[in-house]
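# Structural features, examined
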Amino acid sequence: MTDQNKPEKVQKTQKINGVRGMNDLLPADAAHWAHLDHVLRDLTRAYGYEFLRTPIVEATAVFQRGIGEVTDIVEKEMYSFEDRLNGEQLTLRPEGTAAVVRSVIENNLLYEGPKRLWYTGPMFRHERPQRGRYRQFHQFGIEALGFAGPDIDAEIILMGQRLWDELGLKGVRLEINSLGQANERAEHRAALIKYFEKHQSQLDEDSRRRLLTNPLRILDSKNPEMQTLIDGAPQLLDFLGEESLKHFNAVQALLKANNIPCKINPRLVRGLDYYNLTVFEWVTEELGAQGTIAGGGRYDPLIERMGGKAAPACGWAMGMERVLELMKVSGSLPEAQAQCDIFVLHQGGETLTAAMIIAERLRSAGIDTILFCPPDGQSASFKSQMKKADASGAAFAVIIGPDELAKNEAQLKDLRGTGEQKSVPLDEVLGAAIDALVGASE
Ligand code: ATP
Ligand code: MG
């Protein structure tokens, strides 16, 4: 074997890091995510939405067709690869809607009529990692499929507003726009091209390319030097026909009737190709550059475009990391909870055996219990064990030392209130623990 062919030696002691932009969920944050999950479950139940889980990997065509070729996601953000084992072209999902629609068509879910669905899970986009922008991030989303009227547009927006209220988010603004229908966008597009061609020299490189492929997306540009030019561009709203305006006005009227303030943003076009009529985003000034916490809209053409029987649909998706960050800024994250109700201390040997049996008995009764486990596999002083018990947030400690065991007893110690400690026969520890916990919670 030549040197070149030798496999590179990896030093055993060298640490291996995670992938850039893909984060671990650490125990300290787990309760926050669990709280968010819980609120989302209640929200979807409150509105009659059913859960759908699709795989993390899909055929690349799902997103190429579903999201559109000339979009940031498909052009430059997708993790696409060939399955070496069978040559299939696959992609880690960058968003949920295209995959949900693929599944709805494949499983004939609209057969019995419209469906209200929700999903959650990791999404993958190869972007430059920064605050609020990761390569693996998590979305929650809802999709209402088979409904044509403005009522459902309003319903999904009400759901979002209720969610922000439940989560205690401050400073979230709703921006809304209408993208009309394809023919209206075509007229607007012609006017846009004419306008931007007149000002070719002021376009940046991205926009020059978009002028030929997807000029509407130029309006979405974040380049500050382009803003004056964009402000003067023809507005899609002025090209909307009667039906589109009627739909847009009806959505706004329903929002108003429900006291949901919204701002019309004529430049809101959303990054994905599949939208028509209503589009919207929830934005905040509190998170710096990554200020959009959720966005969505109506996508009536998508189901047919993905090979299904034509049916209207709308939905939105939210970035869970950004929402949790905004909860932090708003001071509305739930307080840390105790790890357990009861912490059990012992001195190894027979006292460990007795302690383990008691701990199991407590758990069987639904009491969360941590049994001290000495790091060296031997035993540890009660003093150091008591420190752990305190740190766990437990309300009570059960202590079994050799003296206690000789008398067939344990000590039950109040860790939070009075600090009181009393002897309890081993057989009666469960009853005493229940009484103590009930007493402490009153
Ligand atoms: P942005 O304009 O911030 O790139 P987007 O329009 O690409 O967002 P959507 O495809 O609408 O985002 O996704 C819905 C939500 O998912 C966003 O509003 C945001 O909260 C979140 N999101 C999108 N991309 C990321 C990312 N790379 N990291 C974290 N959250 C993200
Ligand atoms: Mg993006």
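The name given to the protein chain in an unreviewed UniProt entry is Histidine--tRNA ligase, with the source organism recorded as Polynucleobacter asymbioticus. Per its UniProt entry, the protein chain bears the Sequence similarities (unreviewed entry) comment "Belongs to the class-II aminoacyl-tRNA synthetase family." Per UniProt, the protein chain carries the Catalytic activity (unreviewed entry) text "tRNA(His) + L-histidine + ATP = L-histidyl-tRNA(His) + AMP + diphosphate + H(+)".

### Observations concerning the pattern of salt bridges
Across all of its chains, the model carries 19 salt bridges by this definition. Its salt-bridge partner being Arg 102, residue Glu 58 comes within 2.8 Å of it at the nearest N-O pair. Within this pair, whereas Glu 58 is found in strand E2 (residues 57-59), its partner Arg 102 is found in helix H4 (residues 97-106), the two being separated by 44 residues in sequence. Each member of the pair, Glu 58 as well as Arg 102, carries the same accessibility label: buried. Its salt-bridge partner being Arg 131, residue Glu 325 comes within 3.1 Å of it at the nearest N-O pair. Placement of Glu 325 in helix H11 (residues 320-330) and of Arg 131 in the loop between strand E5 (115-124) and strand E6 (136-145) is noted, with a sequence separation of 194 residues between them.

### Some thoughts on the nonpolar core
Proteins that are soluble and globular tend to have nonpolar side chains buried together. Counting residues in each nonpolar core, the largest one holds 84 residues, and the members touching the most others are Phe 196, Trp 316 and Met 318. Per element, the largest residue contribution to this core is 8 residues, and it comes from helix H5 (residues 150-167). Excluding residues within four positions of it along the chain, Phe 196 makes contact with Leu 203, Leu 211, Pro 215, Ile 218, Leu 219, Leu 229 and Ala 233. Core analysis: the second largest hydrophobic core is formed by 23 residues, Ile 358, Ala 359, Val 398 and Ala 436 among them.

### Quick look at the layout of surface pockets
A water-sized probe, rolled over the atoms, reveals where empty space remains. Looking at the second largest pocket, its volume works out to about 500 Å³. Forming the walls of the second largest pocket are 19 residues, and the residues nearest its centre are Asp 29, Trp 33, Glu 321, Leu 324 and Glu 325. When residues of the lining of the second largest pocket are traced back to their parent elements, those giving at least two are helix H1 (27-46), E6 and H11. Grouping the constituent residues of the lining of the second largest pocket by class yields 6 nonpolar, 6 polar and 7 charged.

### Observations concerning the site of ligand 1
Surrounding ligand 1, one finds 15 residues, the nearest of these being Arg 125, Glu 127, Arg 133, Tyr 134 and Arg 270. Residue Arg 133 places a side-chain N or O atom 2.9 Å away from an oxygen atom belonging to ligand 1. Between Gln 139 and ligand 1, the recorded distance is 3.0 Å, taken from a side-chain N or O atom to an oxygen atom. Notes on ligand 1: free accessible area 580 Å², of which the protein chains cover 91%.

### Thoughts on the environment of Ile 218
Along the chain, Ile 218 turns up in the loop between helix H7 (205-213) and helix H8 (227-231). The exposure class of Ile 218 is buried, given its relative accessible area of 1%. The spatial distance from the C-alpha of Ile 218 to the C-alpha of Arg 267 is 9.7 Å, given a sequence separation of 49 residues. Every residue in contact with Ile 218, bar those within four places of it in the chain, is listed here: Phe 196, Ser 207, Arg 210, Leu 211, Met 226 and Ile 230.

### Notes on the UniProt feature "binding site: L-histidine" (unreviewed entry) in the protein chain
UniProt marks Glu 95, Gly 96, Thr 97, Arg 125, Gln 139, Glu 143, Arg 270, Tyr 274 and Tyr 275 with the feature "binding site: L-histidine" (unreviewed entry), using the numbering shown here. Tracing the sequence through the fold places Thr 97 in helix H4. On the basis of relative accessible area, Thr 97 is assigned to the buried category, the value being 7%. Secondary-structure assignment places Gln 139 in strand E6. Each residue touching Gln 139, except ones within four places of it in the same chain, is listed here: Glu 95, Gly 96, Tyr 119, Thr 120, Gly 121, Met 123, Arg 125, Ala 317, Met 318 and Met 320.

### A look at H1
At 3.6 residues per turn, the α-helix brings residues three or four places apart onto the same side. The first and last C-alpha atoms of H1 sit 29 Å apart over 20 residues, in line with the 28 Å expected at 1.5 Å per residue. Every buried residue of H1 is accounted for by His 32, Trp 33, Leu 36, Val 39, Leu 40, Leu 43 and Thr 44. Each buried residue of H1 lies within a common arc of 135° when the element is viewed along its axis, so the set occupies one face. Turned more than 90 degrees from where H1 packs its buried face, Pro 27, His 38, Arg 45 and Ala 46 sit exposed. Those residues of H1 that are buried are in contact with E5, E6, H5, strand E11 (313-319) and H11. Once H1 finishes, Gly 48 follows within two positions and takes phi at roughly 75°, a positive value.

Scoring rules and cut-offs
- Residues numbered from 1 in each chain as written.
- Chains lettered and ligands numbered in written order.
- Predicted model: local features only at pLDDT ≥ 70, side-chain atom pairs only at ≥ 80, totals over all residues.
- Heavy atoms only, no water.
- UniProt positions renumbered as here; feature names shortened; annotations may be inferred.
- Salt bridge = Lys/Arg side-chain N within 4 Å of Asp/Glu carboxyl O.
- Helix = DSSP H or I, 4+ residues; strand = E, 2+ residues; numbered from the N terminus.
- Buried < 20%, exposed > 50% of the residue type's maximum accessible area, 1.4 Å probe, protein only.
- Core = buried A, V, L, I, M, F, W, Y, C linked by side-chain atoms within 4.5 Å.
- Contact = heavy atoms within 4.5 Å.
- 1 Å grid on protein atoms, 1.4 Å probe; cavity = no way out; pocket = protein on both sides within 12 Å on 5 of 7 lines; lining within 4 Å.
- Points joined across faces, edges and corners; volume = space filled by probe spheres on them.
- Nonpolar A, V, L, I, M, F, W, Y, C, P; charged D, E, K, R; others polar.
- Near = heavy atom within 4 Å.
- Polar contact = N/O pair within 3.5 Å; in protein donor to acceptor, adjacent residues only side chain to side chain.
- Areas by Shrake-Rupley, 256 points an atom, 1.4 Å probe, with all protein chains shown as cover.
- Expected span 1.5 Å × (residues − 1).
- Arc of directions from axis to C-beta.

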